[in-house]
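Next come the chains, spelled out residue by residue.
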Amino acid sequence: MRLIPLTQNNPVSDLDSLFGRYLTERPLSTWAPQLDLFENKEELRVQVDLPGVDKQNISVTLEDGLLSISGKRSAEHEAENPEGHWLRVERRWGSFERHLRLGDGVDADKVRAEAKDGVLTVHIPKKEQAKPRNISVN
């Protein structure tokens, strides 16, 4: 195997640059934060990565078994800065929405949400009849 040195006149790096520019870059004003869904006997728990999003800009609703999480992250690079300028902007910004169909087995009146260290955690208790139970066999 032979390594190809990275130089300005390398056709491989030119192709990488071309494809990287046109195929991987997406508009930065739309994004969908990553989430994890956890379940145990008592509850469902949703954790959403929301670094840089203020609590005041997050909305969590649960209606007819559909959990909706939406919000907005501001774009820092759009603000004027007399001390310098942005050379590269990769972090996503703008509005987002995530929806999860949870069904009827959750207790909507006891849902609670908390944001800490850039992670939104939504605790969704299960209804008593939705919890698993042992059935004795006679």
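The following paragraphs examine the structure supplied in this document. (Residues numbered from 1 in each chain as written. Predicted model: local features only at pLDDT ≥ 70, side-chain atom pairs only at ≥ 80, totals over all residues. Heavy atoms only, no water.)

**Some remarks on the nonpolar core**
Note the cut-off: Each nonpolar core is a collection of buried residues, namely Ala, Val, Leu, Ile, Met, Phe, Trp, Tyr and Cys, held together in the definition by side-chain atoms within 4.5 Å. For each residue, the accessible area found with a 1.4 Å probe, counting protein chains only, is set against the maximum for its type, and the residue is called buried under 20%, exposed over 50%, and partly exposed in between. Numbered from the N terminus, helices here are DSSP runs of H or I no shorter than four residues, and strands are runs of E no shorter than two. Two residues form a contact once any of their heavy atoms are found within 4.5 Å.
One finds Val 46, Leu 50, Leu 67, Ile 69 and Ile 124 to be the most contacted residues of the largest nonpolar core, which totals 17 residues. Contributions of two or more residues to this core are made by β2 (43-49), β4 (66-73), β5 (94-101) and β7 (119-125). Residues in contact with Leu 67, not counting those within four places in the same chain, are Val 46, Val 60, Thr 61, Leu 62, Arg 98, His 99, Leu 100, Leu 102, Val 122 and Ile 124.

**Focus on unusual backbone geometry**
Positive phi values are uncommon outside glycine, yet Asp 64 reaches one of about 50°. Here Asp 64 shows up in the loop between β3 (58-63) and β4. A positive phi angle, near 55°, is found at Asp 117, a position not held by glycine. With respect to the helices and strands, Asp 117 occurs in the loop between β6 (112-116) and β7.

**Observations regarding the sheet that holds β4**
Going by this rule: Criterion used throughout: strands pair if DSSP finds at least two bridges between them. In this description, a line fitted to the C-alpha atoms serves as the axis of each element, helices being fitted only across the stretch in contact, and the angle between N-to-C directions of two axes falls anywhere from 0 to 180 degrees.
Spatially, three strands are ordered β3-β4-β5 in an open sheet, and the strand pairing comes out antiparallel. Looking at which strands have only one partner, the edges of the open sheet turn out to be β3 and β5. Averaged over all neighbouring strand pairs, the angle between strand axes comes to 10°, with direction disregarded. Of the pairings in the sheet, the one linking β4 to β5 comprises eight bridges and is antiparallel in character.

**Quick look at the pairing of strand β1 (residues 35-39)**
Two faces, one strand: in a regular strand the side chains alternate between the faces of the sheet. Across five bridges, the pairing between β1 and β2 is antiparallel. Of the residues in β2, the one forming a bridge with Leu 35 is Val 48. Hairpin remark: β1 followed by β2, antiparallel, with three residues in the connecting loop.

**Description of the pairing of β7**
For β7, the tally of buried residues reaches six of seven residues, placing the bulk of the element in the interior. Both β2 and β7 contribute to a ladder of seven bridges, which runs antiparallel. When the bridges of β7 are listed, Gln 47 appears paired with Thr 121. As paired strands, β6 and β7 are joined by five bridges and run antiparallel to one another. If you follow Glu 114 over to β7, its bridge partner there is Thr 121. The turn linking β6 back onto β7 is made up of two residues, and Asp 117 within it adopts a positive phi angle of 55°.

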